[in-house]
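Chain by chain, the residues:
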Amino acid sequence: MEDKELYQHILGLNTPWSVREVKLDTDLQQIDIYVEHPSGTKFCCPECDQSLSCYDHAPVRQWRHLDSCQFKTILHASVPRVKCAEHGVKQVKVPWAEKSSRFTLMFERFAIDLLQATQTVTGAMGILRISWDQTWHIITRAVKRGQARKEHKLMPRLGIDEKAFKKGQSYMTMLFDLDNSTVEAISEGNNTESGIACFSQLSTDQINAVEAIAMDMSAAYVKATKASIPLAEEKIVHDIFHVMKLANEAVDKVRRGEHRERSKAGDKRLARTKYIWLTGKENLSEKQEAKLNDVFTLQLETGKAWAYKELLRDLWAHETAAEATVYFKNWYRRVIHTKLKPMKKVARTIKDRLANVVSYCTHRITNAVAEGINSKIMSIKRRVGGYRNPENFKTAIYFYCGGLDLYPQ
Ligand SMILES: [Zn+2]
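Here the residue numbers are simple positions, counted from 1 along each chain's written sequence. Where totals are concerned, whole chains, interfaces and linings use all residues; where local detail is concerned, this predicted model gives features only for residues with pLDDT of at least 70, and gives and counts side-chain atom pairs only at 80 or more. Only heavy atoms go into the side-chain values, all of them from the structure, while hydrogens and water stay out.

A. Region of the structure containing the overall build of the chain. In this text, helices come from DSSP runs of H or I with a minimum length of four residues, and strands from runs of E with a minimum of two, each type numbered from the N-terminal end. The helix and strand inventory of the chain stands at 17 helices and 13 strands. Only the C-alpha atoms count toward the radius of gyration. The rule for a globule is 2.2 Å times the residue count to the power 0.38. In terms of overall dimensions, the chain is more spread out than a globule: its C-alpha atoms have a radius of gyration of 30 Å, far above the 22 Å expected for 409 residues. Throughout, exposure labels follow a simple rule: accessible area from a 1.4 Å probe, protein chains only, divided by the maximum for the residue type, with under 20% read as buried, over 50% as exposed, and the rest as partly exposed. Across the 409 residues that make up the chain, the buried fraction comes to 48%. Summarising the internal contacts of the chain: among those between residues at least 6 apart in sequence, 60% fall at separations of at least 24. Accessible surface, the chain as shown: approximately 21,100 Å² in total, 51% of it carbon and sulfur. Charged residues are defined here as Lys and Arg on the positive side and Asp and Glu on the negative side; His and the ends of the chain fall outside this count. For this purpose, a charge sits on NZ of Lys, CZ of Arg, CG of Asp or CD of Glu. Each charge class in the chain can be summarised by its mean position, and for the 62 positive and 49 negative side chains these summaries are 8 Å apart. The contact rule is simple, with two residues in contact once any of their heavy atoms fall within 4.5 Å. Note on areas: Shrake-Rupley with a 1.4 Å probe; residue coverage comes only from the protein chains shown.

Next comes the structure, spelled out in structure tokens:
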């Protein structure tokens with residue numbers, strides 16, 4: 001097989017396109033492929049598909065193709081232009097690349113696969129031998145393509161959460177499809193407007209199809225949901241992890257206060273016990289459990305707070321919201337009569353939002369998906385060495401976590 005014929009096959013070129021010449025440059029480690037079409041070929045207007053004769057040719061352009069062994073492989077062609085009565089002078093579509101891309105379709109497909117597999121932009125850049133800007137260009141185009149093709153599928157179970165961008169200085173709000181573990185909308189900030197901005201990216205059908213939505217206990221997302229989703233009050237579920245985080249923080253506050261008091265009197269038995277109190281009982285090591293029992297017998301306030309925290313966890317084990325409500329009221333009555341100020345504060349916070357905490361028993365959703373996506377984003381961020389701006393950050397999230405069809409054509 002001649003080299004011209006070989007590349008004709010490799011590139012998947014069909015009439016009217018054929019390979020005119022293949023040049024090998026061993027110094028540059030490059031293969032240049034020149035592609036042409038016979039004169040008199042008719043081409044279609046890219047707008048209306050009308051078959052027209054060639055008007056003229058644009059200057060010769062280059063497209064990077066997949067390497068041939070270690071040799072960079074470059075395709076060269078001058079693209080014909082047609083003159084359409086309706087659309088004017090237009091460059092025709094070429095079968096090997098998308099409009100305005102500097103890479104062939106096969107190269108872009110491979111780049112997308114590689115980026116997804118390695119999850120590191122710099123790593124993929126090295127393998128592909130392309131620049132940072134070129135890589136981002138491929139990523140950005142892939143996301144645009146995916147979003148343009150995206151069908152407005154219905155998502156009955158959603159999650160909304162914030163994500164720090166640049167070490168807690170600024171935030172993004174993300175909307176998740178809990179059933180498919182994908183990020184469906186992103187907006188800047190973490191206030192009510194940010195939440196509304198996320199919901200507004202959904203279609204009316206999608207909004208009406210929402211059955212339940214998981215979130216933390218911040219007022220911002222509650223307000224945003226009420227402003228965007230019909231009958232929101234019945235659909236909001238405060239995420240178990242966020243609620244338990246409040247309880248854990250309260251236990252730690254009690255411990256710190258008590259440790260301070262006891263240290264003054266020379267008693268340091270509460271030192272270095274922080275994580276024992278924050279761990280669920282079944283997750284403690286033998287050594288930790290022994291220590292817990294030790295400290296527990298001291299009848300400390302910390303021990304009491306811990307016990308109430310553990311009891312609270314059983315709230316989510318109930319079959320129905322009604323049962324969970326009864327259980328909580330009982331728990332609340334006991335906590336509120338203690339001297340554990342931080343724990344009492346948490347009890348009141350939960351009481352205020354109780355319907356949307358026990359709604360878990362009806363909808364059975366959590367934002368665990370968000371945690372998974374968060375760690376994925378964090379690991380990508382570490383490997384990329386940070387994102388240059390919020391737009392890149394958003395684009396990367398959609399590229400890696402958007403569940404989009406990213407491939408060209
Ligand atoms: Zn036309």
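Right, picking up where we left off after that structure.
B. Up close: the nonpolar core. The biggest cluster of nonpolar side chains holds 78 residues, and the ones touching the most others in it are V183, L312, W316, M343 and F399. Setting aside residues no more than four positions away along its own chain, M343 makes contact with A247, A250, V251, A305, Y308, K309, W331 and V335. L11, W63, L75 and V82 belong to the second-largest nonpolar core, a separate cluster that totals 23 residues. Residue types Ala, Val, Leu, Ile, Met, Phe, Trp, Tyr and Cys, when buried and joined through side-chain atoms within 4.5 Å, form a set referred to as a nonpolar core.

C. Region of interest: the coordination of the zinc ion. Here the coordinating atoms are restricted to nitrogen, oxygen and sulfur within 2.8 Å of the metal centre, or 3.2 Å for Na, K and Ca, and because water is not among them the sites may look incomplete. Of the protein atoms, only C45 (SG), C48 (SG), C84 (SG) and H87 (ND1) coordinate the zinc ion, at distances of 2.2 to 2.3 Å. Under this scheme a four-donor centre is tetrahedral when all angles range from 85 to 135 degrees, a four-donor centre is square planar and a six-donor centre octahedral when opposite donors are above 155 degrees with the rest from 65 to 115, and any other centre is irregular. Given four donor atoms and angles of 102 to 118° at the metal, the environment of the zinc ion is assigned as tetrahedral. Mapping the donors of the zinc ion onto the primary sequence yields the spacing C-x2-C-x35-C-x2-H. Of this pair, C48 sits in the loop between strand 3 (42-44) and strand 4 (51-57) while C84 sits in strand 7 (residues 80-84), and the two are 36 residues apart along the sequence. Under the relative-accessibility criterion, C48 is labelled partly exposed at 30%.

D. Looking closely at the sheet that holds strand 6 (residues 71-77). Strand pairing is assigned whenever DSSP detects at least two bridges linking the two strands. As summarised here, the arrangement of the four strands in space is 1-2-6-5, forming an open sheet in which the pairing is mixed. The outermost strands of the open sheet, each flanked by one partner alone, are strand 1 (18-25) and strand 5 (61-68). The sheet shows a mean angle of 25° between the axes of neighbouring strands, taken without regard to direction. Note that strand 2 (residues 30-36) and strand 6 share five bridges and pair parallel. The residue of strand 6 that forms the bridge with I31 is T73. Relative to strand 1, helix 1 (residues 3-11) is tilted by about 110°, and along the sheet it contacts strand 1, strand 2, strand 5 and strand 6. Axes here mean lines fitted to C-alpha atoms, for a helix over just the part in contact, with angles spanning 0 to 180 degrees between N-to-C directions.

E. Representation of the sheet that holds strand 7. Across the sheet, which stays open at both edges, the four strands sit in the order 3-4-7-8 with antiparallel pairing between neighbours. The open sheet has two edge strands, strand 3 and strand 8 (88-91), and neither has a second partner. Taken pair by pair, the neighbouring strands of this sheet meet at an average axis angle of 55°, ignoring direction. As paired elements, strand 7 and strand 8 share four bridges and run antiparallel to each other. Along strand 8, the bridge assignment pairs V82 with K90.

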